[in-house]
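Below are the chains, spelled out letter by letter.
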Amino acid sequence: MKKHIFLAGVLVMLLSSCSDFLDYNENSDYDQNKLFNTTWSNTDFVTGIYAYLPGALNDVDGALRSAACDEAEYVWPTSTIHRFYDGSWSAIRTVDDKWGHYYKAIRACNDYLENGTGKDWKEFEFKKDYAKMMRKYRNLEWEVKALRAYYYFELVKRYNRIPLITKVLTEEEANNQVPVDYQTIVDFIVRECDEVTEDGRLPAVYNADYDNETGRVSKIFALALKARTLLYAASPLNNPDAETNPAKWIETAKAAKKIIDAAGSWNLSLVSFDRLLGADNYKEPEMILIKRIGDTNELEKLNFPIGLEGGKSGNCPTQNLVDAYDMKEGQEMNESEPYANRDPRLAYTVLYHGGKTAYGKQVDVLPNGLNGLPQEGATKTGYYLSKFVNISVSLTANSTTTAKHSMPLFRYAEILLIYAEAMNEAYGPEGVTDELNLSARDAINMVRGRSGLGIAALTSEDVSSKKEFRQALRKERMAELAFEDHRFWDIRRWKIGEETTKIKRVSISKAGDKYFFEYSVTADRIWDDKMYFYPIPQSEIYKNPKLVQNPGWK
């Protein structure tokens, strides 16, 4: 029987059994020998480290981070998500402040690496399963190193110059750490990923030797983290030579190609898009790492259309996002039926007028419609969220139900798109080398050609230049990875913030049997280039004056 690790569920158990670990800070003082003197306590401690993984259903005050960019609008004005673009964001009035969260996770990693590793458990050596026990125990060290690298990635993409801490510190030591530059953190992450993927360390697949466990970080995850980290480091925000020097792009392409070349032997492949969305999506061969939330109806409460019982509305996709989805091959746009014959990923991602929603109803965003304006909380963009929302969940007073949810953190389609972007920037749409023998255009067409989409492959005429391919790649990432927490960060690493402040909406009316679609553009979002990185929280600078605030935030 497989042992499935439900990360959030385990967190709940740990809150009762290991709450001192989850709540500790730099002042914590506990008996290390007592904590790490049994095999199960080591496993529980590491499982607690997994609890820091991102992938929540409401990233920022009820909203998804998608609503802080041109992917979505959040309906309710009281959410702090609006600080990202309304001019009220500051080092004192922070948003998505994860400084303490991830440094706490890193401290837990350092604690385990210093105190939980290197044991031989000789008292169990004559047990029949001793070899397996030791294999799983030793694997914990590599898991923790991989997780620590991931948490550093989450910090550096937000805060730029941060302290690099690899041992447990006293409070005084912690508050005297000097930050290092972005590339130093990148180099550390890459080294850690290389170390844990050496032969005999992290397995690519958790087979019977590891009791077929799911949910743990693997060799494929560490390689994927390396590729994503190198992609960010090669991008214009962090690489002034992005346009003229291909070295970092080539390094990125090589990291992604290592996964692509081994995909067959690792049972890693693309699947039809609908299989990525259900509660059992963690079983799909496209998934590399999933955050499994467990039974909940939170996403549904926050995103069912207003007008449905229990629905609060929330993260409403924009016309900007809808425009990223192509027509099916051979089809042309019909202005009176703009959602017909579109890339199927649109319907899986965006709930548009006439689409199927909960309780067997169809969405009606017409003026005074069931889910339309002017009722409070109705979508202003003309759309509601579909992706990952389970319409079989009931929020009715007499029959409230829940469902399991799983949020992808890494999947194979992203790896192909990382490779496609890096190859285009290094060699153009068609360029290849002996080692990098898959072109950028062929890689992106693997994603577009996944089963069930029916959209046209990009031809050499479609993307005849590096610039044309770049635009196609950015559009493809927006369509494929919507609401998986990529677009917000892509805007930053590409340095296109100024281009993404105008939010497109649609208003639908009906006369007789004919629908009319009126499109509009907002102009109330603010962009300042300082927003490419988060401000370091002022409270942290008060504690450690050696920290250096990011430009523009003082």
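Before reading further, recall that the structure is shown in the block above.
Here is a short report on the structure shown in this document. Since the structure is predicted, the reported quantities are computational estimates derived from the model, not experimental observations.

Let's shift gears to the pairing of strand β2 (residues 287–296). On any regular strand, side chains alternate: one points to one face of the sheet, the next to the other face. Within β2, nine of the 10 residues are buried, leaving the element largely enclosed by the surrounding structure. Taken together, the eight bridges between β2 and strand β8 (residues 403–411) define a ladder with antiparallel strand orientation. Note on β8: the bridge partner recorded for Gly294 is His405.

Under the counting rule described, the total for this entry stands at 32 aromatic pairs. Relative to Tyr151, the ring of Tyr52 has its centre 6.4 Å away and its plane inclined at 70°; by these criteria the two rings are edge-to-face. A residue pair is termed long-range when its members are at least 10 positions apart, and Tyr52 in the loop between α4 (39–50) and β1 (72–74) and Tyr151 in helix α7 (residues 130–159) qualify at 99 residues. For Arg292, the ring lying beneath its charged end belongs to Tyr282, and the centroid distance is 3.6 Å. Between Arg493 and the ring centre of Tyr232, over which it is positioned, the NZ or CZ distance is 5.5 Å.

Core analysis: the largest hydrophobic core is formed by 179 residues, its most contacted members being Phe84, Tyr151 and Tyr152. Among the elements that make up this core, the one with the highest residue count is α7 (17 residues). Beyond its immediate sequence surroundings of up to four residues, Tyr151 is in contact with Ile49, Tyr50, Tyr52, Leu53, Tyr102, Ala105, Ile106 and Cys109.

Moving on to the pattern of salt bridges. On inspection of all chains with the given rule, the structure shows 46 salt bridges. Notably, a salt bridge pairs Glu421 with Arg493, separated by 2.9 Å at the nearest N-O pair. Taken as a pair, Glu421 in helix α15 (residues 412–427) and Arg493 in helix α18 (residues 487–494) lie far apart in primary sequence, 72 residues in all. Here Glu421 falls in the buried class, since its relative accessible area comes to 4%. Take Arg493: its relative accessible area is 1%, and that puts it in the buried class.

Attention now goes to the side chain of Ser41. With respect to the helices and strands, Ser41 occurs in helix α4. The exposure class assigned to Ser41 is buried, which follows from its relative accessible area of 7%. Once residues lying within four places of it in the same chain are set aside, the contact partners of Ser41 are Leu35 and Phe36.

If you check helix α10 (residues 219–234), its first and last C-alpha atoms are 23 Å apart, about what 16 residues at 1.5 Å a residue would give, namely 22 Å. Burial of α10 is extensive: 16 of the 16 residues sit out of reach of the surface. Sitting at the amino-terminal end of α10 is Ser218, which places a side-chain oxygen 3.3 Å from the backbone nitrogen of Ile220.

Calculation rules
- Residues numbered from 1 in each chain as written.
- Predicted model: local features only at pLDDT ≥ 70, side-chain atom pairs only at ≥ 80, totals over all residues.
- Heavy atoms only, no water.
- Buried < 20%, exposed > 50% of the residue type's maximum accessible area, 1.4 Å probe, protein only.
- Helix = DSSP H or I, 4+ residues; strand = E, 2+ residues; numbered from the N terminus.
- Pairing = 2+ DSSP bridges.
- Phe/Tyr/Trp six-rings, centres within 6.5 Å; stacked < 30°, edge-to-face > 60°.
- Lys NZ or Arg CZ within 6 Å of the ring centre and 35° of its normal.
- Core = buried A, V, L, I, M, F, W, Y, C linked by side-chain atoms within 4.5 Å.
- Contact = heavy atoms within 4.5 Å.
- Salt bridge = Lys/Arg side-chain N within 4 Å of Asp/Glu carboxyl O.
- Expected span 1.5 Å × (residues − 1).
- Polar contact = N/O pair within 3.5 Å; in protein donor to acceptor, adjacent residues only side chain to side chain.

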